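The residues making up each chain are set out below.
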Amino acid sequence: MIVIGLTGPTGAGKTTALEALAGLGFEIVDCDRLYYQLLARDGGLRNALEAAFGPVFLPDGNLDRRRLAARVFGDQEELARLNALVYPAMSAAVEQKIRNCSQKRLAIDAVNLVESGMGELCSATVAVTAPPAVRLRRIMVRDGLSEEQARARIAAQKADAWYREHCTLLLENEAEDTERFARLAGEFFQVLILLFNGGEGKMDMKEWKEKLMPERKNGYDRLPAGEREAVNAYCQDYKAYLDAGKTERECVQEGIRLAEAKGFRAYQRGMSLQAGDKVYVNNRGKMLMLAVIGKESLAQGVHIAAAHVDSPRLDLKPTPLYEENELAYLKTHYYGGIRKYQWVTIPLAIHGVVALKDGKVIPVVLGEGDEPKLFISDLLPHLGAEQNKKALSEAFAGEQLNLLVGSEPMEGEGKDRVKLAVMKRLYEKYGFVEADFISAELEVVPAANAADAGLDGSMIASYGHDDRVCGYAALRALLDLDGAPAKTAVCILADKEEVGSAGVAGMATAAFDTFMEDLCEGQGVPVRVCMEKSMCLSADVTAAFDPNFPDVYEKNNSAFLNYGIGLSKYTGSRGKSGSNDASAELVARVRRILDDKGVFWQMAELGKVDAGGGGTVAKFMGDRNIDTLDAGVPVLAMHAPCEVVAKLDCYMTYKACKAIYESAD
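Remember, it's a predicted structure, so these values are computed and weren't measured experimentally.

**Section: the sheet that holds strand S17 (residues 459–462)**
Stage number 1. The sheet built from three strands is open, its strands ordered S16-S17-S27 with antiparallel pairing. Two strands lie at the open edges of the sheet, namely strand S16 (451–453) and strand S27 (643–646), each paired on one side alone. Neighbour-to-neighbour, the strand axes of this sheet turn through a mean angle of 35 degrees, independent of strand direction.
Stage number 2. Here S16 runs beside S17; their pairing, made up of three bridges, is antiparallel. Directly across from Asp452, in S17, lies its bridge partner Ile460.
Stage number 3. The sheet strands contacting helix H16 (residues 465–479) are S17 and S27, and the helix crosses S27 at an angle near 30 degrees.
Stage number 4. Along the sheet face, helix H21 (residues 647–662) touches S16, S17 and S27 and points at about 70 degrees away from the line of S27.

Okay, structure coming up:
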C-alpha cells in the first residue's frame, strides 16, 4: 500500500494536489475534519483538553476554537501541552484509517504532518510549496484579506527551506492557472506511484509481514492520549454498580435507577413512541429490557446488546435452617457451575427477598458492611489426609456446603436453642418466620466489594464479573446514547443464563418476544420482519489466557488481558454443541463497525476443543432469526467467588456496545 502525506503552507495549492490524488484513486484522510470527529467521539480526549485548558467546549459540544487559540497563541509551553494531547490521538486515528483502508492508495492531508509524527506512517511525505508572491495573490482573493493581512499570515508560517529539510519531496506550484497545476500535480503523483510500484512490488519481507500478518498489540500501546482517564472513570462507575448489584434482582433495581436518571420511563402497552424516546420493561424484578427508539422504521431491524446479570452462587434450600451440636446452619444448593472448594473459608453474605403469604416482599441483606459475616468451614490440614487424596471435584460434596450462622443458644430449656435464637434475630429484623423460607429467594454471595487489583491498579477483582461486566457495558452504552440512533437500540439484561436461560426471566422467555412485538405493533411492523433484519451482540465474558495454566488454552485463539473485547465466533463445547456459530458475514460486519469506532478487539475461544467450553444467550437470539455474535470481556478465574478483569477490556466492551447501538450498518 502507498501512503502519501501531504502538507505545505497556505495558498500553495494543496487542495488542487489533493484533488489530483483523489482522481488517481487515493482515499483522502482530512486530518482537520478527523480532529473534530475525534473530539466528538473521544470522551477521554475531551476530558483531557478541559483538564488542561479549562472550559474549551461550547454548550452545543463543539470546540471553542477562539478560546483555545487565545490560550495557546504566543505561548510555546501551552502549545506544546496541547500538541502532546492531540498528536498521539490523531496519529492513532490515522493509523486506524490506514489499517481499515480497502484501497491500495491513501493520502493524509495534515498541516502538522511532520511534527505530529504522522509522517512516519507514510511511504512518502510531499510538501506543496509556491513562491510568496503567488501565495500572496491567492490568499487575498480566496480569503478576502488585505495585502498586509495576507503578508502577516505568510510570515507566521514555515519557510520552504523547512519543508525541504523535513519532507521527502517538494511539489512546487509556480503555475498561475489552477488547471495547469492540477495536470502537473497528477503527472507528479503518477511518477511517484511508479516509483513505489503500487506500494507493494518493492516491499521487503518486514513490510509484507506488517501488511499480511500484523502482530497483536497490547491495548495500552495503542490507547490514544487522554483515553486512559476515560477507562478509569468508567471502571469506577462499574465497581459501584457491582457493589450495588450482587444479585440479578439488585442489578435490575440499580439498572432502573440509572435508566430513570437518564430519562427512561416504564413502557406501557400501546404507548405512542417517537424517535429518541427511551423506555424500559421490568420483567418480574429479574429481567430488564430497555430501548431507545431509532429514526428508521423497525422494519429495518434493531441493534441489540444482550447480557445476563445472574452469577454462580449458593442458594438457600426451601427448608434451610437446622441445628447440629449446638451450631446453627443454613443448607444450600449451588447455582450454576461453581468449584465447590472455592466457596469455603471465605466471608459470605446473604442477599435476596422473602415473599410472605399476604403478598408483601421483604428485601434481605445479611453480612455486609460491619455486620457479622457468614462462613462455610473446612478441615484443618492436620486432619485432612483422606480429603487430600480426593479429586478437587470430590473433596467437597454439595451437601457439605452448609452456612454457619450461629452458636449462641437462647436462654431456657429445650432443644434447637441456637436455631431458635437465629430465627428470633431474623424475625426481629425482617418479620418473617421459618415457614416463609419456602417462598424466599435468598442467595449466598461473597461479602466483599469490588476492588482495584495489581500494584498498578489496572485490573478489577470482584465477585460477579460473569456477566455483570458485560451487562453493565450494554446498559451504560445505551444510557450514554446522544439523541436518537439510526436504528432502534435495545438492551436486554436477563436472568438464569448460568442454568440454561430457561424460565420466565431467562433469555429463552417469551417476555423478550412480547416486548419486541409491542414495539413493532406501535409502528405497524410484523415482529418477524423486524427480527430477521436485526443484529445482536451477545455480550458475555470469555476466558482470559492464564499463564499459570497454559495447558488448557490454545494460545493462538485465546483472549488476553488488555487486548480488548473478545469476539467469539462460536462457543458451545466439544463439537460446538450448543453453539450459535456466527456467520462469516456477520463477523466481518462487526469487525468493520468496531474498527470504524476505534474499538480494540481480539478473537477468543473458551479453551482447547477437548478441554471444555460454555454456553451463552447467543443461541436463543439466533433461534429468533437474529444475526448474533458472542463478544465480551476476558476473565481470569471465571466463576470463582473473586474474578479478575482488565479495566481496558471493560471499557472497550462498553465502546463496542455503543458502536453497535450507533451503527447505521
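There is more to say, and it comes next.
**Details of the packing of H16 against H21**
Working note: a packed helix pair is described by the angle between its axes plus the distance between those axes.
Stage number 1. One way to put it is that H16 packs onto H21 with a least axis distance of 8 Å and a crossing angle of 45 degrees. The angle between H16 and H21 places the two elements in the oblique class. Considering only the axes of H16 and H21, their crossing is right-handed. Contacts between H16 and H21 pair Val469, Cys470, Ala473, Ala474, Arg476, Ala477 and Leu478 from the former with Cys650, Thr653, Tyr654, Cys657, Lys658 and Tyr661 from the latter.
Stage number 2. Partitioned by chemical class, the residues of the contact of H16 with H21 number ten nonpolar, one polar and two charged.

**Re the pattern of salt bridges**
Stage number 1. This model, assessed by the stated rule, comprises 42 salt bridges.
Stage number 2. Between Arg249 and Glu441 there is a salt bridge, and its shortest N-O distance comes to 3.1 Å. Remark: Glu441 occurs in strand S15 (residues 440–446) and Arg249 occurs in helix H12 (residues 248–261); sequence separation between them is 192 residues.
Stage number 3. We classify Glu441 as partly exposed; its relative accessible area is 29%.
Stage number 4. Here Lys576 ties to Asp581 by a salt bridge, and the two come within 3.1 Å at their closest N and O atoms.

**Points about the pairing of strand S1 (residues 2–7)**
Stage number 1. Along S1, six of the six residues are buried, which leaves the element largely enclosed by surrounding structure.
Stage number 2. With five bridges connecting them, S1 and strand S3 (residues 105–109) associate as parallel partners. Paired with Leu6 across the strands is Asp109, a residue of S3.
Stage number 3. Pairing of S1 with strand S4 (residues 124–129) involves four bridges; the strand directions are parallel. Among the inter-strand pairings, Ile4 is bridged to a residue of S4, identified as Ala124.

**Comments concerning the pairing of S3**
Stage number 1. Counting buried residues along S3, four of its five residues qualify, which places the element largely inside the surrounding structure.
Stage number 2. Strand direction decides the pairing type here: strand S2 (residues 27–30) and S3, joined by four bridges, are parallel. The partner of Val29 across the bridge, within S3, is Ile108.

**A word on the state of the cysteines**
Stage number 1. Taken as a whole and judged by the stated rule, the model has zero disulfides.
Stage number 2. Unpaired in this structure, Cys536 has its nearest cysteine sulfur neighbour in Cys657, at a distance of 9.7 Å.
Stage number 3. Not engaged in a disulfide, the cysteine Cys642 finds its nearest cysteine sulfur in Cys650; these two sulfurs lie 13 Å apart.
Stage number 4. Judged by relative accessible area, Cys642 falls into the partly exposed class, the value being 41%.

Criteria and cut-off values
- Residues numbered from 1 in each chain as written.
- Predicted model: local features only at pLDDT ≥ 70, side-chain atom pairs only at ≥ 80, totals over all residues.
- Heavy atoms only, no water.
- Pairing = 2+ DSSP bridges.
- Helix = DSSP H or I, 4+ residues; strand = E, 2+ residues; numbered from the N terminus.
- Axes fitted to C-alpha atoms, helices over the stretch in contact; angles between N-to-C directions.
- Contact = heavy atoms within 4.5 Å.
- Parallel < 35°, antiparallel > 145°, perpendicular 65-115°, else oblique.
- Left-handed = near helix turned anticlockwise from the far one by under 90°.
- Nonpolar A, V, L, I, M, F, W, Y, C, P; charged D, E, K, R; others polar.
- Salt bridge = Lys/Arg side-chain N within 4 Å of Asp/Glu carboxyl O.
- Buried < 20%, exposed > 50% of the residue type's maximum accessible area, 1.4 Å probe, protein only.
- Disulfide = S-S within 2.5 Å.

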